[in-house]
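Here are the chains, one letter per residue:
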Amino acid sequence: MESINAKYVSQKISKTRWRPVQAASLHQPHCFATGSWDNETNHVCIWSVGETGMICEDDALEGDPQLLCDCKHGGDVLDLQFLDQDRLITASSTGAVTIYKLHANSQTLSVAHVWERAHHYQRASAPCTGVVCSSPDVVSVGEDGRVILYKADQRGIARVIENADSSTIHAVTFLRTTEVLTVNSIGQLKLWDFRQQGSEPAQILSLTGDRVPLHCVDRHPNQQHIVATGGQDGMLCIWDVRQGNMPFSLMEAHSAEMWEVHFHPSNPDHLFTCSEDGSLLHWETSSSSDTPSFLQSRNTSLISRSAAAPAGGNQSLISAWLNGDSSKGRLETTHMLPSQTLSVNSLDVLGQCLVCGTDGEAVYIHRRVPV
């Protein structure tokens, strides 16, 4: 049964994220945040997909999303992450990193703290392109090539890697508590260990041949050495940071820039990508004949860069994403939107719920993602 809601929000959506649910909760997420870009005034908004229109812990997911509260945002929202249930952090085109506080009782959103011009050139601001949170740590990256570490409960800046990159850093993700991975505009992944001093990365991985800009990165939730990236050429790349400096596999995914890639947080055999070409794709590593009818099948081409699993590896511990056996490692790809739209800039998935935002000033909600 089709379970897609489209909500027209009168602003181009650059980022969207589900509000986290309590760790012990079996409920589906019911609130999400959006950030806008390319508007006269940009906003961070909180929406509810529950019937009550309240921030609550019930399991009601029917009906159109309802706007609960919003707050103006200086510049374009270039990234958006929840730090916890009540705080979210934005990256701005002005170079600022901002913490917003969600007041559940009064249904309001306010600015808790701003690091103005955290990213900057000598005489001008530089866009902050990405943020990632692992409470209380927050890391931001930007066009200025800086990697900055903050403590969410402290006003100052904990650490700056000044010359981390000579090119634009587009995205960042935590690998472990003290390690982050960045992707840049010349096709490189760089691993940074905050236990080490200086401005040299612990490891560099890169695409061979053309230096295709990488726009997004996500880490496998259970196996930190596995990461997925996407970039300007629309290719989905799977990497094993333990094995060499090249991607394990390249997959033809989109016909234009890939803006985001996300493993499902609790079922990482499923992965989701979105693109400038207006498509939102669901990838799964095991074939299934029970694909819901509302997902239109799409064949995908897999270009494997490794014909075998890592030498000496324990087969039972090897992720399906790194399975070199073509009969076991085959992927199925399905379109998640009923028709292609303008650029799908952002997506987030939690439980059986997926949300994405577009340049068509629409937010799409899937409530029964087959994972």
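Further up the page is the structure itself.
To start, this report covers the structure provided alongside it. (Residues numbered from 1 in each chain as written. Predicted model: local features only at pLDDT ≥ 70, side-chain atom pairs only at ≥ 80, totals over all residues. Heavy atoms only, no water.)

This part takes up the overall build of the protein chain. When you go through the protein chain residue by residue, the secondary structure sums to zero helices and 30 strands. Within the protein chain, residue pairs in contact and separated by at least 24 positions form 54% of the contacts whose partners lie at least 6 positions apart. Put simply, the protein chain shows about 15500 Å² of open surface, and 45% of that area lies on carbon and sulfur atoms. (Helix = DSSP H or I, 4+ residues; strand = E, 2+ residues; numbered from the N terminus. Contact = heavy atoms within 4.5 Å. Areas by Shrake-Rupley, 256 points an atom, 1.4 Å probe, with all protein chains shown as cover.)

Further remarks concern the side chain of Thr273. Its location among the elements puts Thr273 in strand β23 (residues 270-275). We classify Thr273 as buried; its relative accessible area is 0%. Of note is the side chain of Thr273, whose polar atom sits 2.8 Å from the side chain of His254. Filtering out sequence-adjacent residues up to four positions away, Thr273 remains in contact with Leu236, His254, Met258, Glu260, Val261, Ser279, Leu280, Leu281, Trp283 and Leu347. (Buried < 20%, exposed > 50% of the residue type's maximum accessible area, 1.4 Å probe, protein only. Polar contact = N/O pair within 3.5 Å; in protein donor to acceptor, adjacent residues only side chain to side chain.)

Strand order across the open sheet formed by four strands is β6-β7-β8-β9, with antiparallel pairing between neighbours. The open sheet terminates on both sides in strands that have one partner only, identified here as β6 (77-82) and β9 (108-115). Neighbouring strand axes in the sheet, compared pairwise and without regard to direction, differ in orientation by 25° on average. Direction of pairing for strand β8 (residues 97-103) relative to β9: antiparallel, over a ladder of seven bridges. The residue bridging Val97 from the neighbouring strand is Trp115, located in β9. (Pairing = 2+ DSSP bridges. Axes fitted to C-alpha atoms, helices over the stretch in contact; angles between N-to-C directions.)

Before going further, it helps to examine the side chain of Asn5. Looking at the secondary structure, you find Asn5 in strand β1 (residues 4-8). Look at Asn5 and you get buried, because its relative accessible area is 16%. At a separation of 2.9 Å, a polar atom in the side chain of Asn5 contacts the side chain of Asp64. Each residue touching Asn5, except ones within four places of it in the same chain, is listed here: Gly63, Asp64, Val363, Tyr364, Ile365 and Arg367.

Turning our attention to the environment of Met258. Within the secondary structure, Met258 sits in strand β22 (residues 258-263). Met258 sits 23 residues away from Met235 along the chain, and the two C-alpha atoms are 7.4 Å apart. With residues up to four places along the chain from it excluded, the contact list for Met258 reads His215, Cys216, Thr229, Gly230, Gly231, Gly234, Met235, Leu236, Ala253, Thr273, Cys274 and Ser275.

Bringing the pattern of salt bridges into the picture now. Within the structure shown, the criterion is met by 15 salt bridges. As a salt-bridge pair, Glu260 and Lys15 come within 2.7 Å of each other at their nearest N and O atoms. Of this pair, Glu260 sits in strand β22 while Lys15 is found in strand β2 (residues 13-18), placing the two residues 245 residues apart along the sequence. Pair check on accessibility: Glu260 and Lys15 agree, each one buried. Linked by salt bridges that have partners in common, Lys15, Arg17, Asp79 and Glu260 make up one network. (Salt bridge = Lys/Arg side-chain N within 4 Å of Asp/Glu carboxyl O.)

Moving on, we come to the pairing of strand β15 (residues 179-184). Burial runs high along β15: six of the six residues are buried. Here β15 shows no split at all, with Glu179, Leu181 and Val183 on one side and Val180, Thr182 and Asn184 on the other all buried. In this sheet, β15 lies alongside strand β14 (residues 169-176) in antiparallel orientation, the contact comprising six bridges. Paired with Ala171 across the strands is Val183, a residue of β15. The pairing of β15 with strand β16 (residues 188-193) spans five bridges and is classified as antiparallel. The residue of β16 that forms the bridge with Glu179 is Asp193.

Before going further, it helps to examine the sheet that holds strand β13 (residues 157-161). Taken together, four strands build an open sheet; the order of strands is β10-β11-β12-β13 and the sheet is antiparallel. The open sheet has two free edges, formed respectively by β10 (128-134) and β13, since each of these has just one partner strand. Neighbour-to-neighbour, the strand axes of this sheet turn through a mean angle of 15°, independent of strand direction. As paired strands, strand β12 (residues 147-151) and β13 are joined by four bridges and run antiparallel to one another. Within β13, the position partnered with Ile148 by the bridge is Val160.

From the geometry alone we can't say anything about function, so treat these as descriptive.
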